[in-house]
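Fold and geometry: a report
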Amino acid sequence: MKLLRFGRDFQPDEKVILRDYLAIERTRLANERTLLSYIRSSLYLLIGAFAFFELKGYPNFKYFALVCLVFCILFLVIGVMRFRLLKKSLKTLYYMSEKERDK
């Protein structure tokens, strides 16, 4: 999974203050929004692939439809993997900030 690693792990040196906690929350929401855009793009490619399969007058579009299906699956897999990687790295920050806030 080293190939799909897009960032570095963040280890805070001090306790997490409110500003940092809110930044973590914004990052989490942006991560969810990015996952939804990957899913949306994947669904558009799936719909396009079905449309190209239905074109009877143009048999060469079958290959283009197969390419759309491959990219559909690829977009979905990359989106889910990126979502899980960032969620896992943010989880440590959430636990640390929750512990510091409860004190």
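Provided above is the structure to which this section pertains.
These lines cover the structure that appears in this document, whether it is placed above or below. (Residues numbered from 1 in each chain as written. Predicted model: local features only at pLDDT ≥ 70, side-chain atom pairs only at ≥ 80, totals over all residues. Heavy atoms only, no water.)

1. Some remarks on the overall build of the protein chain
Assigned secondary structure in the protein chain consists of two helices and zero strands. Sorting the 103 residues of the protein chain into buried and exposed places 17% on the buried side. As presented, the protein chain carries roughly 8,400 Å² of accessible surface, and 65% of it is formed by carbon and sulfur atoms. (Helix = DSSP H or I, 4+ residues; strand = E, 2+ residues; numbered from the N terminus. Buried < 20%, exposed > 50% of the residue type's maximum accessible area, 1.4 Å probe, protein only. Areas by Shrake-Rupley, 256 points an atom, 1.4 Å probe, with all protein chains shown as cover.)

2. With respect to the side chain of N31
Relative to the helices and strands, N31 is located in helix α1 (residues 18-54). The buried category is assigned to N31, whose relative accessible area is 8%. Once you skip the residues sitting within four places of it in the chain, N31 turns out to touch R82, F83, L86 and K87. (Contact = heavy atoms within 4.5 Å.)

3. Observations concerning the packing of aromatic side chains
The full count for this structure, using the stated rule, is three aromatic pairs. Here F52 and F61 contribute two aromatic rings whose centre-to-centre distance is 5.2 Å and whose plane-to-plane angle is 40°, an arrangement assigned as tilted. Since its relative accessible area comes to 22%, F52 is described here as partly exposed. Classification of F61 as partly exposed rests on a relative accessible area of 31%. On the numbers, 4.7 Å between centres and 75° between planes, the contact of F52 with F64 is edge-to-face. (Phe/Tyr/Trp six-rings, centres within 6.5 Å; stacked < 30°, edge-to-face > 60°.)

4. Some words on the pattern of salt bridges
A side chain with one charge can pair with a side chain of the opposite charge if their charged atoms come near. Considering all chains together, one arrives at two salt bridges under this definition. Linking E25 and R28 is a salt bridge whose minimum nitrogen-to-oxygen distance equals 2.5 Å. Of this pair, E25 and R28 both sit in helix α1, three residues apart, which is roughly one turn of that helix. Residue R28 is classed as partly exposed on the basis of its relative accessible area of 26%. The partner of E32 in a salt bridge is R28, and the shortest N-O contact between them spans 2.6 Å. On the criterion of helical spacing, the pair formed by E32 and R28 is a turn pair, its members being four residues apart in helix α1. With a relative accessible area of 32%, E32 lands in the partly exposed category. Salt bridges sharing partners connect three or more residues here, namely E25, R28 and E32. (Salt bridge = Lys/Arg side-chain N within 4 Å of Asp/Glu carboxyl O.)

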